[in-house]
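Listed below, chain by chain, are the residues.
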Amino acid sequence: MPKLQGFEFWSCTLGGARHVVAPMVDQSELAWRLLSRRHGAQLCYTPMLHAQVFVRDANYRKENLYCEVCPEDRPLIVQFCANDPEVFVQAALLAQDHCDAIDLNLGCPQMIAKRGHYGAFLQEEWDLLQRMIVLAHERLSVPVTCKIRVFPEIDKTVRYAQMLERAGCQLLAVHGRTKEQKGPLPGPASWEHIRAVRKAVNIPVFANGNIQCLRDVEQCIQATGVQGVMSAEGNLHNPALFEGRSPAVWELAEEYLEIVRQHPCPLSYVRAHLFKLWHHPLQVHQHLREELAKVKSLEGVSAVSRELKLRCQEDMSRQMEGEKPLGGLPFFHWVCQPYIRPGPKEGGKDGGTCSKRALEGGDGGGPDVLSKSKQKKQLRNPQKTFDPSLKPKYAKCDQCGNPKGNRCVFNLCRGCCKKRAFRETADCPGHGLLFKTKLEKSLAWQRDQSRLQEPQQPGLGDLGPGGPGSFSEVTGSALT
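What counts, and where the lines are drawn
- Residues numbered from 1 in each chain as written.
- Predicted model: local features only at pLDDT ≥ 70, side-chain atom pairs only at ≥ 80, totals over all residues.
- Heavy atoms only, no water.
- Core = buried A, V, L, I, M, F, W, Y, C linked by side-chain atoms within 4.5 Å.
- Buried < 20%, exposed > 50% of the residue type's maximum accessible area, 1.4 Å probe, protein only.
- Contact = heavy atoms within 4.5 Å.
- Phe/Tyr/Trp six-rings, centres within 6.5 Å; stacked < 30°, edge-to-face > 60°.
- Helix = DSSP H or I, 4+ residues; strand = E, 2+ residues; numbered from the N terminus.
- Axes fitted to C-alpha atoms, helices over the stretch in contact; angles between N-to-C directions.
- Parallel < 35°, antiparallel > 145°, perpendicular 65-115°, else oblique.
- Nonpolar A, V, L, I, M, F, W, Y, C, P; charged D, E, K, R; others polar.
- Expected span 1.5 Å × (residues − 1).
- Left-handed = near helix turned anticlockwise from the far one by under 90°.
- Pairing = 2+ DSSP bridges.
- Salt bridge = Lys/Arg side-chain N within 4 Å of Asp/Glu carboxyl O.
- Right-handed = clockwise from strand over helix to strand, strands pointing away.

(A) Quick peek at the nonpolar core. F80, I102, L164 and L172 are the most contacted members of the largest nonpolar core, which has 96 residues in total. Those residues in contact with I102 that sit more than four places away from it in its chain are I77, V78, F80, F88, A92, A95, Q96, L140, V142, P143, V144 and T145. Within the second largest apolar cluster, 14 residues are counted, among which are A17, L43, L171 and F206.

(B) Highlighting the packing of aromatic side chains. Applying the stated criterion across every chain yields a total of nine aromatic pairs. Look at W32 and Y256: their rings are 5.3 Å apart centre to centre, the planes differ by 75°, and that puts the pair in the edge-to-face class. One end of the pair, W32, is in helix α2 (residues 30-38); the other, Y256, is in helix α12 (residues 249-262), and 224 residues separate them in sequence. Judged by its relative accessible area of 0%, Y256 falls in the buried class. On the basis of an interplanar angle of 80° and a centroid distance of 5.2 Å, the ring pair of F151 and Y160 is categorised as edge-to-face. Here the two residues F151 and Y160 agree in accessibility, since each one is buried. An aromatic cluster of at least three residues, connected via ring pairs, comprises F54, Y60, Y66 and F80.

(C) A look at the packing of helix α9 (residues 191-200) against helix α10 (residues 214-224). Where α9 contacts α10, the axes come no closer than 9 Å and their chain directions differ by 50°. One element, α9, and the other, α10, form an angle in the oblique class. Between α9 and α10, the residues in contact are W191, I194, R195 and R198 and D216, Q219, C220, A223 and T224, respectively. A class-by-class count of the residues in the contact of α9 with α10 yields four nonpolar, two polar and three charged.

(D) A look at helix α8 (residues 154-167). Counted at 1.5 Å a residue, the expected span for α8 with its 14 residues is 20 Å, and the 20 Å between its end C-alpha atoms agrees. If you check which residues of α8 are buried, you get T157, V158, Y160, A161, M163, L164 and A167. Buried positions along α8 lie against β5 (101-106), α7 (126-139), β6 (144-149), β7 (172-175) and α9. Note on α8: the residue one or two positions beyond its end, G168, has a positive phi of about 130°.

(E) Local environment of the packing of α12 against helix α16 (residues 298-317). For the pair α12 and α16, the least separation of the axes is 10 Å and the interaxial angle reads 165°. The orientation of α12 relative to α16 falls into the category roughly antiparallel. Pair α12 / α16 crosses with left-handed handedness. For the pair α12 and α16, the contacting residues are W250, A253, E254, L257, V260 and R261 in the first and L298, E299, V301, S302, S305, K309, C312, Q313 and M316 in the second.

(F) How the structure looks around the pairing of strand β8 (residues 205-208). Along β8, one buried face is formed by V205 and A207 and the opposite face, lined by F206 and N208, is buried too. Relative to β8, β7 runs parallel, the two sharing four bridges. Bridged to H175 within β8 is N208. In terms of strand pairing, β8 meets strand β9 (residues 228-231) through three bridges, oriented parallel. Across the sheet, residue N208 finds its bridge partner in β9, namely M230.

(G) Just the side chain of H279, in detail. Tracing the backbone shows H279 in helix α14 (residues 279-284). Among the residues examined, H279 registers a relative accessible area of 16% and is labelled buried. When sequence neighbours within four positions are dropped, the list of residues in contact with H279 reads H237, R289 and Y339.

(H) Spatial organisation of the environment of L308. By the element assignment, L308 lies in helix α16. Each C-alpha atom of the pair L308 and H285 lies 7.8 Å from the other, and the pair is 23 residues apart in sequence. In contact with L308, not counting residues within four places along its chain, are W278, P281, L282, H285 and L288.

(I) Highlighting the pattern of salt bridges. For the structure shown, the criterion picks out 17 salt bridges. One salt bridge in this structure joins E86 and R139, with 3.4 Å as the shortest N-O distance. Pair noted here: E86 is in helix α5 (residues 85-95) and R139 is in helix α7, with a separation of 53 residues, a long-range link. According to the relative accessible area criterion, E86 is partly exposed, its value standing at 38%. Within the structure, one salt-bridge network assembled from shared partners comprises R33, R37 and D73.

(J) Seen up close, the pairing of β5. Of all six residues in β5, six are buried, a share of seventy percent or more. In this sheet, β5 lies alongside strand β4 (residues 76-81) in parallel orientation, the contact comprising four bridges. Pairing of V78 across the sheet is with I102, part of β5. As for the winding sense of the linkage, the β-α-β connection from β4 through α5 to β5 is right-handed. When β5 meets β6, the two strands line up parallel, connected through five bridges.

Encoded structure:
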């Protein structure tokens, strides 16, 4: 069958999906997608997969896609991060039989994306993106889609979207924030940008941002004219968001854990999901936060979840008539509801940027402030110091800047030393590299083998007439 495109692809292959679960690293795994589908999600994305690793590592393909699909998990879009057209297409070819479309991640704003040169940090490289989309559109049997972030300027965002459409993109998911709007500085997503993109392109558009409940979904569709709405944070705190329900937290926590037993995933994923689901109850029953962080098995996680359920049910029984939720929440803490991340003015003491948490019993806010993770490390090892002035200083490798080996004959790190020693057939005892020595031993062995294979010259005492080794035997019958 010919490959469907644009609105035909959205209406036929994707079933006209309007409620979409966003791709989330380590959070939109199969178990969570199935839970979300049970509660109103019509389309899901896989977590972001690294195209280069997907191509070279069979185990990565198996663990992140091949064993993460089932008939109930469709329609499904597989998302890749990539910065090379050939690598992107190779990964997509390996994945296309397990999904309904391939998505190129152009929206990740995190520092790891900056270091890896992918995600939102490719949005200025239009020539590269055009080559990637064109090649994928030509060679794949399924459509290629893109998830993007906006530029501060609406007109540039529109031109960006139009360029991707011309290259062959069949569906755009537009996050209405710039790549700088992340962490404690998200700000509201711009539906104005999304509306302008929707009007300017002739392919389906999904909106992403500002979605906390079903009412937000309906308002977004009316305000922007998009075909569907995508949710990430809202979905993590309430997987029943697209149903328009806010059930008790334990209802969805228990259902999720039951799905995990049928479709296992790493414990870190499960724990992260429960931290999101139980976010508000854990603000009340804080001692259980450490318990949830320390458990090492699925049964341990389930036990903490059951304990939280009991505590919340006790809180319900003590609820007084007319009592209002604490902390300005729309519902009581045992109900699934959105979490509004505090901005820097709310989080920081001085109205500026958020500061690190101080040591237990410390004054806080000074130069000796340690992050929570460093506090934990210091509790495990009281002798450990985090003073930068006391850290050992390392001489740098002459080529790459990594710490060099103290006894390296070339003043290089091990990686650079190995390349040079191999190229020059040299030794570096400091790094245990003996290319020259091994070559000399190999040549000596070959010389010994050659000498052993040479025919031995008979001695004079063995040339008597008629005896073994006689001159006539050695020279043959030419002398007879």
